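If you want the building blocks of each chain, they are given just below.
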Amino acid sequence: MSRGIFITFEGPEKSGKSTQARLLEKYLKSKGWKTLFIREPGSTVIGEKIRRVLLDRKNDGMSLVAEMLLYTASRAQLVEEVIRPALRRGMIVLCDRFQDSTLAYQGYGCGLDVAVLEKVGKLATSGITPDLTLLLDFWQSRDKLKNESAPDRIELRPDAFHQRVKKGYFVLAGRYPQRIKIVRVEPGIQETQAKIREIVESCLLKKSSDKKRPSRS
Ligand code: TMP
């Protein structure tokens, strides 16, 4: 079965994940790669509806378990409807957030049991894990963010929550150093993009040499 490459972007809100992912998409397409950009929660009709429910500030009574299951439901739909078929077609799938977000936000941030989230996550993704995760290292105080834009339900949470999320991401990066690469966000968008391209190029090179290697019987 032909297998594409699955790359995810993680990090805090306003870290420039989407901008960087879109720039990378453009670059990879210019090099002839078949590339698809998607985001979580969302990128399916059902997922976009779930996204609205999750981020709506009026839903401040949502239980933490309901929140986690909704993120996971959106992911299950995305895997089934978009990610698995695209990988089967040999595409490079660029996804703005994936399972690590649930571990960082609902696990380390909200205090749900990370081991349980991993089990539920496996069910939702049917074991599909990213080949590479780019973790954007960036921090902006919530007070500044609240003054700049209309924050959603998750962005409204206090600095302490977002600090736990950030720490959680670093714990995950320590656990999966082969997969999760930390990219410090530079003041210039292109500077950060250059670092991302270098990491992605070496991942693509490694993947193509792995494919050339004779498979073990
Ligand atoms: P964003 O992708 O535009 O940053 O918005 C999605 C928000 O949802 C963001 O605050 C992070 C949060 N989130 C979780 O809390 N858990 C998850 O599993 C995912 C995918 C996102």
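Everything below is about the structure shown above.
Quick summary incoming for the structure in this document. (Residues numbered from 1 in each chain as written. Predicted model: local features only at pLDDT ≥ 70, side-chain atom pairs only at ≥ 80, totals over all residues. Heavy atoms only, no water.)

## Description of the overall build of the chain
Phase 1: Each helix and strand counted, the chain has eight helices and five strands in total.
Phase 2: Counting from the amino terminus, helix and strand elements in the chain follow one another as β-α-β-α-α-β-α-α-β-α-α-β-α.
Phase 3: By the compact-globule yardstick of 17 Å for 217 residues, the chain fits well, its C-alpha radius of gyration being 17 Å.
Phase 4: In the chain, which comprises 217 residues, the proportion classed as buried is 47%.
Phase 5: Long-range contacts, defined here as pairs at least 24 residues apart, represent 77% of the contacts in the chain between residues at least 6 apart.
Phase 6: Here the chain contributes 41 positively and 26 negatively charged side chains, and the mean placements of these two sets differ by 5 Å. (Helix = DSSP H or I, 4+ residues; strand = E, 2+ residues; numbered from the N terminus. Rg over C-alpha atoms; globule rule 2.2 N^0.38 Å. Buried < 20%, exposed > 50% of the residue type's maximum accessible area, 1.4 Å probe, protein only. Contact = heavy atoms within 4.5 Å. Lys, Arg positive; Asp, Glu negative; His and termini not counted. Charge placed at Lys NZ, Arg CZ, Asp CG, Glu CD.)

## Re the site of the ligand
Phase 1: Near the ligand you find 13 residues, and of these Glu13, Arg51, Tyr71, Thr102 and Gln106 are the closest.
Phase 2: At a separation of 2.6 Å, an oxygen atom of the ligand approaches a polar side-chain atom of Glu13.
Phase 3: Contact distances for the ligand include 2.6 Å between an oxygen atom and a side-chain N or O atom of Thr102.
Phase 4: Take the shell around the ligand: its biggest share by element is four residues, from helix H4 (residues 99–109).
Phase 5: A breakdown of the residues in the shell around the ligand according to their chemical character gives four nonpolar, three polar and six charged. (Near = heavy atom within 4 Å. Polar contact = N/O pair within 3.5 Å; in protein donor to acceptor, adjacent residues only side chain to side chain. Nonpolar A, V, L, I, M, F, W, Y, C, P; charged D, E, K, R; others polar.)

## Focus: the side chain of Arg51
Phase 1: As for its placement among the helices and strands, Arg51 is situated in helix H2 (residues 45–55).
Phase 2: Buried and without a salt bridge, Arg51 has Glu48 as its closest oppositely charged side chain, separated by 4.7 Å.
Phase 3: Residue contacts for Arg51: discarding those within four places in its chain leaves Arg39, Glu40 and Pro41. (Salt bridge = Lys/Arg side-chain N within 4 Å of Asp/Glu carboxyl O.)

## Side note on the environment of Lys166
Phase 1: Relative to the helices and strands, Lys166 is located in helix H7 (residues 159–175).
Phase 2: On the basis of relative accessible area, Lys166 is assigned to the partly exposed category, the value being 23%.
Phase 3: Each C-alpha atom of the pair Lys166 and Ser18 lies 18 Å from the other, and the pair is 148 residues apart in sequence.
Phase 4: Excluding residues within four positions of it along the chain, Lys166 makes contact with Asp137, Phe138 and Trp139.
Phase 5: Polar contacts involving the side chain of Lys166 include one to the side chain of Asp137, which spans 3.4 Å.

## Brief notes about the sheet that holds strand E1 (residues 5–10)
Phase 1: Judged by pairing direction, the sheet is parallel, and its five strands sit side by side in the order E2-E3-E1-E4-E5 without closing on themselves. The open sheet has two free edges, formed respectively by strand E2 (35–39) and strand E5 (180–184), since each of these has just one partner strand. With direction set aside, neighbouring strand axes in the sheet form an average angle of 20°.
Phase 2: In this sheet, strand E3 (residues 92–96) lies alongside E1 in parallel orientation, the contact comprising five bridges. For Ile7, the partnering residue across the bridge sits in E3 and is Leu94. (Pairing = 2+ DSSP bridges. Axes fitted to C-alpha atoms, helices over the stretch in contact; angles between N-to-C directions.)

## Quick notes on the state of the cysteines
Phase 1: Scanning all chains against the criterion turns up zero disulfides.
Phase 2: We note that Cys95 lacks a disulfide partner, and the nearest cysteine sulfur, in Cys203, lies 15 Å from it.
Phase 3: We note that Cys110 lacks a disulfide partner, and the nearest cysteine sulfur, in Cys95, lies 20 Å from it.
Phase 4: By relative accessible area, Cys110 is classed as buried at 19%. (Disulfide = S-S within 2.5 Å.)

## Things to note about the packing of H4 against H7
Phase 1: Running from N to C, H4 and H7 point in directions that differ by 130°, and their axes come no closer than 8 Å. As the angle between them shows, H4 and H7 are arranged oblique. The chirality of how H4 crosses H7 is right-handed. Between H4, through Asp100, Ser101, Leu103, Ala104, Tyr105, Tyr108 and Gly109, and H7, the contact on the second element is made entirely by Phe161, Arg164, Val165, Gly168, Tyr169, Val171, Leu172 and Arg175. (Parallel < 35°, antiparallel > 145°, perpendicular 65-115°, else oblique. Left-handed = near helix turned anticlockwise from the far one by under 90°.)

## Some details on the packing of aromatic side chains
Phase 1: Counting across every chain of the model gives three aromatic pairs.
Phase 2: On the numbers, 6.1 Å between centres and 55° between planes, the contact of Tyr105 with Phe161 is tilted. Residue Tyr105 is located in helix H4, and its partner Phe161 is located in helix H7; the two are separated by 56 residues in the primary sequence. Taken as a pair, Tyr105 and Phe161 share a single burial class, namely buried.
Phase 3: Taken together, the aromatic side chains of Tyr105, Phe161 and Tyr169 make up a single cluster linked through ring pairs. (Phe/Tyr/Trp six-rings, centres within 6.5 Å; stacked < 30°, edge-to-face > 60°.)

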